[in-house]
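# Architecture at a glance
Here are the chains, one letter per residue:
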Amino acid sequence: MSTDNNFKSAKATYEKWGVSVDEALEKLKNVSISIHCWQGDDIGGFEVDQQELSGGIDVTGNYPGKATNPTELRKDLEKALSLIPGDHRINLHAIYAETDGKIVDRNELEPKHFKNWVEWAKKQNLGLDFNPTLFSHPKADDGLTLTHPDKEIRQFWIDHCIKSREIGAYFGKELGTPALTNIWIPDGYKDIPSDRLTPRKRLKESLDVILQKEIDPNYNLDAVESKLFGIGSEAYVVGSHEFYMAYAIKNNILCLLDTGHYHPTEMVSNKISSMLLFQNQLALHVSRPVRWDSDHVVIFDDELREIGLEIVRNDALEKVLIGLDFFDASINRVAAWTIGTRNMLKSLLYALLLPHDHLKKLQEEGNFTDRLALMEEFKTYPFGEIWDFYCEEMNVPVKENWLDEVKKYEKEELSKRA
Ligand SMILES: C[C@H](O)[C@H](O)[C@@H](O)C(=O)CO
Ligand SMILES: [Mn+2]
């Protein structure tokens, strides 16, 4: 059977349940995923005085061909984007500034240092998001930034975050879509603290100063990202989930949930409905923690499907800002972006094809047998045929054909890099 015939038969299977496949595909077309640039160069960035990666995060592997400058990184992103259906966004960190060979410290960064990214995003029809980088820097060597006991160090990082919000606003203004500027800090302690409160008080004060200046939400949205532990902050992380959830609600900014930043049995999918009852928007870093916050490439697993289901069945496609956060240097990096982003989209399509009203009704009626039976049966419905049709319609390779493109790119481009 051709893709078209497969599609027609699959469509009829879903339509028996009253699911409109056309509507599902239309909705999926409007979804923009924020693709993290840092998978392309192992979070190295391009600062003139580049420092080793710190902050309790780690990238393992030495697959050849990583991007060594912004031009290469943009080229690699273009390749990945050509294999992913839809119009998306790129998420930058401050360490991706372009400073013409001059050392510009993080507290002095300005919109002009991201001009090339903005020009490129305009040409590629992309939105941009932003993150201040509070790691890989001598002033973060002891793992403390916005909570540092030294006022001067704290001020340095406060200034960096203020500059970052301005850069985010510049992105939003230039590109006509608000940037999400997300603050994540590594601050914490390896061993049991003797005082948990004082660092948290300082974090609250630092954030209050950073967020003092009002910025038009049409240009910039602010988010804070929590974490349970990192390498070197196993016992205590200042910016915990409770801290940021309370801070975000009180100050009307976004809470960002990274799927790798919780206890391994604690699922972000189970948090989405609660968070959305109290805030209009929520941000995600979708990652794959394997036993710890290992940032493996996102696969089409149970939790990813559950995240897609929670977003779709709660009508939250426009409320949840979906970003990705994984980095694997043991495989082709363009393939890593392609696999992870296609999977994120697949999980949303999977969810868009289920008869949620019917399934919710079964639960309300206490009919848990039918609920379980149907939810299991739908797992083997011909979802793949709809996905293939969508890829074809969106002019990106169907099934694993994208892999040939990546191999060709590796041969012609990546393998020639130092
Ligand atoms: C690059 C980092 O992954 C990112 O800034 C942050 O979002 C994080 O998840 C740290 O664990
Ligand atoms: Mn993250």
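What counts and what doesn't
Per-chain numbering applies: the sequence of each chain, read as written, is numbered from 1 onward. Chains carry letters from A onward and ligands carry numbers from 1 onward, assigned in written order. It should be noted that, the model being predicted, local features are given only for residues of pLDDT at least 70 and side-chain atom pairs only at 80 or more, the latter also being counted only at that level, while totals for whole chains, interfaces and linings use all residues. UniProt positions are given in the numbering used here, feature names are shortened, and annotations may be inferred rather than shown by experiment. Each helix is a run of H or I in the DSSP string that is no shorter than four residues. Each strand is a run of E no shorter than two, and both are numbered from the N terminus. Buried residues are those with 20 or more other C-beta atoms within 10 Å of their own C-beta, exposed residues have 12 or fewer, and partly exposed residues lie in between; C-beta atoms are placed from the backbone. We call two residues in contact when their backbone-placed C-beta atoms lie within 7 Å. Domain delimitation follows an automatic or database domain assignment. The quantity called pLDDT is the predictor's confidence in a given residue, expressed from 0 to 100.

### Digging into the UniProt feature "binding site: Mn(2+)" (unreviewed entry) in the chain
Using the residue numbers shown here, the UniProt feature "binding site: Mn(2+)" (unreviewed entry) corresponds to His261, Asp293 and Asp295. Over a stretch of 35 residues, the named residues converge on one spot in the fold, their C-alpha atoms separated by at most 9.8 Å. As for its placement among the helices and strands, Asp293 is situated in the loop between strand E9 (282–286) and helix H9 (302–313). Take Asp293: there are 24 C-beta atoms within 10 Å of it, and that puts it in the buried class. Assignment of secondary structure puts Asp295 in the loop between E9 and H9. Once residues within four sequence positions are removed from consideration, Asp295 is found in contact with Gly260, Ser287, Asp325, Phe326 and Phe327.

### Section: the environment of Asp370
As for its position among the elements, Asp370 is in helix H12 (residues 368–377). Between the alpha carbons of Asp370 and Asp315 there is a distance of 23 Å; along the sequence they are 55 residues apart.

### So, the domain arrangement of the chain
For the chain, the domain assignment lists domain 1 (1–30 + 355–418) and domain 2 (31–352). Taking only C-alpha atoms, the centre of domain 1 and the centre of domain 2 are 28 Å apart. At the interface, 23 residues of domain 1 touch 23 residues of domain 2. Taken together, the elements giving at least two residues each to the side of domain 1 that touches domain 2 come down to helix H2 (21–29), helix H13 (383–393) and helix H14 (402–412).

### Structural notes on the confidence of the model for the chain
Detail in the predicted coordinates should be disregarded across regions flagged by low pLDDT. Residues with a pLDDT of 70 or more make up 100% of the chain, whose mean pLDDT is 97. Here the prediction assigns the complex a pTM of 0.97, and the interface score ipTM is 0.98.

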